[in-house]
Amino acid sequence: SKGTYEHYMLKEIDEQPGVMRHISQTYLDDAGNPKVDSKIVDAVAKADRLYIFAAGTSYHAGLVGKALFEHYTGIPTEVGYASEAGYHFPMMSKNPFFIFLTQSGETADSRVVLKETNKRGIPSLTMTNVEGSTLSREATYTMLLGAGPEIAVASTKAYTAQVAVQAVLAKALGEKLGVKEAQEWNLHHDLAIAAEGIQQLVDGKEKLKEIADKYLIKSRNAFYIGRGIDHAVALEAALKLKEVSYIQTEGFAAAELKHGTISLIENGTPVIALINDPVTAELTRGNIQEVVSRGANIVTIVSKEFANSSDDIVLPEINYYMSALLTVIPTQLLAYYASRDKGLDVDKPRNLAKSVTVE
Ligand code: M6R
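Throughout this description, residue numbers start from 1 for each chain and increase along the sequence as written. The predicted origin of the model limits local features to residues at a pLDDT of at least 70 and limits the giving and counting of side-chain atom pairs to 80 or more, whereas totals for whole chains, interfaces and linings rest on all residues. The side-chain values count all of the structure's non-hydrogen atoms but skip hydrogen atoms and water molecules.

(A) A look at the environment of A61. Where helices and strands are cited, they refer to DSSP runs of H or I of at least four residues and of E of at least two residues respectively, numbered from the N terminus. Take A61: it is sitting in helix 4 (residues 56-73). Whether two residues are in contact is decided by their heavy atoms, any of which lying within 4.5 Å being enough. Each residue touching A61, except ones within four places of it in the same chain, is listed here: L101, Y159, Q162, V163 and Q166.

Spelled out as structure tokens, the structure:
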């Protein structure tokens, strides 16, 4: 039940610190070592390439997973829309391993790919929130997200759970493969930092409501920009905002704006910039200047490491590879308040269903 909450979406946003702690308890022992079924780790360790398939928000979680897997395991990783791969199967490496990300475990587009995967005898793993769901039953292996039921159509806690469970697998796999980055990684610490950081951000939700009311609810369009993992989060943030608020929103790699899209920037266009990537933080600042000089209303969501006094939302410091877990939170809250304060049906946006069982 919603309890005292007006909407499931806010309840589910608020549950994320607990989801992080639950994943830590489920998948790490007291010493912080991963507890992942050794059959799964052994099977994935044989792969020369990982292929992640998913739809919507789960696809965006896969984009973050790519960064995690490549950094901590050294295995090249591709991420694709299930809806595309089903009928244009990707070119395979010699020893592929497929990962399906799906909150519901019932998404028809993903099921089509898994069917073909099984036909070809390719080993697979479904990461899902629903035990016994179709994709879980049909894949070789399953890892449960354990985020608890997600009722709001807009996915929030399943996204952060998918990022965290992929991190667990990356850690287990990287250790198995003897990758230094994985061996030296204190994932236990990072998940604790994530839980605390998310708590801090949801406690500051009033600030996001003010920003949504001031910059978003009267606007027809908006942009999210970021580089590296922030680009992946920008895509998810844009989907979240547009699906619940009906404000047309696009997520962009920050530097791509000047290759065309900057022509859409007018006086008052909201542009929300995400900055966590140490390598490109300064360059994104430059991209912010480009849109400010064209009249954009800029909102910045910035890691404490790079923040200054004019930034709007300062994110607690965390390992860059885990930063999506924190960056996404203010964007979920912006979407929530934009929808709510426009008087829309937050939990059931028009034309959408929670689980998409048609292709
Ligand atoms: O259940 P799934 O994770 O397979 O669903 C995939 C998408 O339909 C889903 O993530 C959708 O994009 C979200 N409801 C958006 O918030």
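(B) Fine view of the nonpolar core. For our purposes a nonpolar core is just a set of buried Ala, Val, Leu, Ile, Met, Phe, Trp, Tyr and Cys residues, chained together by side-chain atoms within 4.5 Å. Throughout this description, buried means an accessible area under 20% of the type-specific maximum (1.4 Å probe, protein chains only), exposed means over 50%, and partly exposed covers the range between. Residues M20 and M143 are the most contacted members of the largest nonpolar core, which totals 94 residues. Residue contacts for M143: discarding those within four places in its chain leaves Y27, V36, I40, L125, T126, M127, T128, V165, V168 and L169. The next biggest cluster of nonpolar side chains, apart from the first, holds 15 residues, and it includes F223, F252, V291 and V302.

(C) Seen up close, the sheet that holds strand 5 (residues 141-144). In spatial order, the strands read 2-1-3-4-5; together these five strands make up an open sheet with parallel pairing. The sheet is open, and its two edges are formed by strand 2 (77-81) and strand 5, each paired on a single side. Neighbour to neighbour, the strand axes of the sheet diverge by 20° on average, direction disregarded. Bridging between strand 1 (residues 49-54) and strand 3 (residues 96-102) involves five bridges; their strand directions are parallel. Its bridge partner lying in strand 3, F53 is registered against F100. On top of the sheet, helix 6 (residues 108-119) reaches strand 1, strand 3 and strand 4 (124-128); it is set at about 155° to strand 3, its chief contact. When DSSP locates at least two bridges between a pair of strands, those strands are taken to pair. All axes are obtained by fitting lines to C-alpha atoms, using only the stretch in contact for helices, and the reported angles, taken between N-to-C directions, cover 0 to 180 degrees.

(D) Inspection of the packing of helix 3 (residues 38-45) against helix 8 (residues 157-176) at higher detail. Following both chains from N to C, one finds helix 3 and helix 8 inclined at 65°, their axes separated by 10 Å at the closest point. With respect to each other, helix 3 and helix 8 are oriented roughly perpendicular. As helix 3 runs across helix 8, the sense of the crossing is right-handed. When helix 3 is examined against helix 8, the residues I40, V41, D42, V44 and A45 are found in contact with a partner set consisting of L169, A172, L173 and K176. Each residue is assigned to one of three groups, with Ala, Val, Leu, Ile, Met, Phe, Trp, Tyr, Cys and Pro labelled nonpolar, Asp, Glu, Lys and Arg labelled charged, and all others, Gly among them, labelled polar. Among the residues making up the contact of helix 3 with helix 8, the classes are represented as seven nonpolar, no polar and two charged. Oblique is the label for every angle not falling under 35 degrees (roughly parallel), over 145 degrees (roughly antiparallel), or within 65 to 115 degrees (roughly perpendicular). Two helices that cross are described as forming a left-handed crossing if the nearer one is turned anticlockwise from the farther one by less than a right angle, and a right-handed crossing if clockwise.

(E) Just the packing of helix 11 (residues 205-216) against helix 14 (residues 324-341), in detail. Remark: helix 11 packs on helix 14, axes separated minimally by 8 Å, with the N-to-C direction vectors making an angle of 55°. One finds that helix 11 runs oblique with respect to helix 14. In terms of crossing hand, the pair formed by helix 11 and helix 14 is right-handed. Of the residues in helix 14, those in contact with K205, L208, K209, I211, A212, D213 and L216 of helix 11 are P330, L333, L334, Y337, A338, R340 and D341.

(F) The site of the ligand, seen in detail. One heavy atom within 4 Å of a molecule or strand is enough for the residue carrying it to be called near that molecule or strand. By nearness alone, 15 residues border the ligand, and S58, T102, S104, T107 and E243 come closest of all. In the analysis that follows, any N or O atom pair within 3.5 Å is treated as a polar contact, provided that within protein one partner can donate a hydrogen and the other can accept it, and provided that, for residues neighboring in sequence, both atoms belong to side chains. The backbone of V153 places a nitrogen or oxygen atom 2.7 Å from a nitrogen atom of the ligand. The contact in question runs from an oxygen atom of the ligand to an N or O atom on the backbone of S155, over 2.9 Å. In the complex, 91% of the free accessible area of the ligand, which totals 410 Å², lies under the protein chains. Those elements giving two or more residues to the shell around the ligand turn out to be helix 4 and helix 12 (229-245). Classifying every residue of the shell around the ligand by side-chain character gives five nonpolar, eight polar and two charged. To measure how exposed things are, a 1.4 Å probe is used in the Shrake-Rupley method; for residues, cover is taken only from the protein chains shown.

(G) Here's a closer look at the pattern of salt bridges. When a carboxyl oxygen of Asp or Glu lies within 4 Å of a side-chain nitrogen of Lys or Arg, that pair is called a salt bridge. By the definition in use, this model includes 17 salt bridges. Here E15 ties to K11 by a salt bridge, and the two come within 3.0 Å at their closest N and O atoms. Here E236 and K240 are joined by a salt bridge, their closest N and O atoms 3.0 Å apart. Of this pair, E236 and K240 are both found in helix 12, four residues apart, which corresponds to roughly one turn of the helix. Take E236: its relative accessible area is 1%, and that puts it in the buried class.

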